[in-house]
Amino acid sequence: MSKQNLAIIFGGKSTEHEISILSAKSILKHLDRSPFNLYVIKIDTAGHWWLIDENQIDTDQAGTRVSLIPGSPKTELISLVDGQVITTLDVAFPVLHGVFGEDGTIQGLFKMADLAFVGCDVLAASSCMDKDVTKRLLRDADINIAPYLMATNQSIPSYNQVEKELGMPVFIKPANLGSSVGVYKVSSESAYNEKIRQALTYDHKVLIEQLIIGKEVECSVLGNEDPKASLPGEIITNTDFYDFESKYVDSNASSTQIPASITENQIDEVRKIAVKAYQTMGCQGLARVDFFVTQEGEIMINEINTLPGFTNISMYPKMWEATGIGYQELLSLLIELALTKHEKDASLNIKAREVK
């Protein structure tokens, strides 16, 4: 059986560029390469695509400038140096966090190129990336969410309104960023006024969220039409909140516990809600659903990440490992799901054309 051509695509223009590199290194370390011819593509912070040797992943060494070209019958990877076709691709694994990676943009490129890819499609990616849109859709599906208000440059709720409706302190977070970039906890009027304006330099929409006292619990979901949820895990922080430093820089700032220290009934409920939220948002392939479990036992969703971290300390693979699916098997399943989804989409497109 011939090998399939797999592109691992990482880096990107977002504020999570460095996290993407760490995730890609971990995936390359654990991937079963036997079924694939591997092509490693690094997107630099200016948006240029480079085909590199994987030992260049941590360096600024340039490889070969490349681009995707929709081909027939397969997508072509071409050199921008001489215009020659390097290879045709069967499937892409985008290891890209944040904007231009999990917001539907690169997913749209893959769809236009008719290339199978790991993860959800355009609408689910863009909807889950926008925390405001996510909350509205989940709320409409009768899924419990943390109370919040929305701010834009044109309409910023007053401190008095926020204090009255949400209490203090509150969290301020850009609607379309991840890894806790631009997230602030505020409890005074001066801090609120300063940080809301600061957050609006990162994004055109900013959430103002009520402080929820309780456990931070996460759950991994895997699948297309019949998704499954992992055992949930718990984030235990030694800082004021689970910020960027806690996640990626200070190893002593937080720890994890799998399964989460909640009741068996709550574990079952978290897994059930995670799948419902996944399906509500139209996710495919994978996602990590983040929850709060309050001291009173109330379960509410915080957000959904459609391309969660894959570093050596990331919760998505760790929760599946605790559930019985190892890292290598997980990667193989994700690629298999991508190919299955692409094949089904192609069949639907053929049927649609036949109707016309």
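Data block above holds the structure.
Residues numbered from 1 in each chain as written. Predicted model: local features only at pLDDT ≥ 70, side-chain atom pairs only at ≥ 80, totals over all residues. Heavy atoms only, no water.

Participant: I tried to follow the pairing of strand β17 (residues 285-294) on my own but got confused; where do I start?
Facilitator: Along any regular strand the residues' side chains alternate between the sheet's two faces. Most of β17 is tucked away: 10 of the 10 residues are buried. As paired elements, strand β13 (residues 214-223) and β17 share 10 bridges and run antiparallel to each other. Residue pairing in the sheet places Leu222 in a bridge with Leu286 of β17. Relative to strand β18 (residues 299-305), β17 runs antiparallel, the two sharing 6 bridges. (Buried < 20%, exposed > 50% of the residue type's maximum accessible area, 1.4 Å probe, protein only. Helix = DSSP H or I, 4+ residues; strand = E, 2+ residues; numbered from the N terminus. Pairing = 2+ DSSP bridges.)

Participant: Sorry, what's going on with the environment of Val40 here?
Facilitator: By the secondary structure assignment, Val40 is in strand β2 (residues 36-43). Overall, the relative accessible area of 4% leaves Val40 in the buried class. With 70 residues separating them in the primary sequence, Val40 and Phe110 have C-alpha atoms 16 Å apart. Setting aside anything within four residues of it in sequence, one finds Val40 in contact with Ile8, Phe10, Leu28, Trp50, Leu51, Ile52 and Glu54. (Contact = heavy atoms within 4.5 Å.)

Participant: I keep staring at the sheet that holds strand β10 (residues 170-174) and nothing clicks. Help me out?
Facilitator: Adjacent strands of a sheet pair through backbone hydrogen bonds, lying either parallel or antiparallel. Taken together, 4 strands build an open sheet; the order of strands is β9-β12-β10-β11 and the sheet is antiparallel. Of all the strands in the sheet, the pair left with one neighbour each is β9 (148-152) and β11 (184-186). Within the sheet, the average angular offset between the axes of one strand and its neighbour, ignoring direction, is 25°. Along the sheet, helix α6 (residues 189-199) contacts β9, β10, β11 and β12 (205-210); its crossing angle with β11, the most-contacted strand, is approximately 160°. (Axes fitted to C-alpha atoms, helices over the stretch in contact; angles between N-to-C directions.)

Participant: Sorry if this is basic, but what is going on with the nonpolar core here?
Facilitator: In this structure, Phe93, Phe310 and Leu334 are the most contacted members of the largest nonpolar core, which totals 32 residues. Those elements that provide at least two residues to this core are β1 (4-11), α1 (17-30), β2, β3 (49-52), β7 (91-95), α9 (315-323) and α10 (327-355). The leading source of residues in this core is α10, at 7 residues. Beyond its immediate sequence surroundings of up to four residues, Leu334 is in contact with Phe93, Val118, Leu222, Gly285, Leu286, Phe310 and Tyr316. Membership of the second largest hydrophobic core comes to 30 residues, among which are Cys219, Ile273, Ala277 and Ala287. (Core = buried A, V, L, I, M, F, W, Y, C linked by side-chain atoms within 4.5 Å.)

Participant: Would you take a moment to explain the sheet that holds strand β5 (residues 75-79) for this structure?
Facilitator: Strand order in the open sheet formed by 8 strands is β6-β5-β4-β3-β2-β1-β7-β8, with mixed pairing between adjacent strands. Each edge of the open sheet carries a strand with a single partner, namely β6 (85-89) and β8 (116-117). Alignment of β1 against β7, held across 5 bridges, turns out to be parallel. Residue pairing in the sheet places Ile8 in a bridge with Phe93 of β7. The strands touched by α1 within the sheet are β1, β2 and β7, with β1 carrying the most contacts at an inclination of about 150°.

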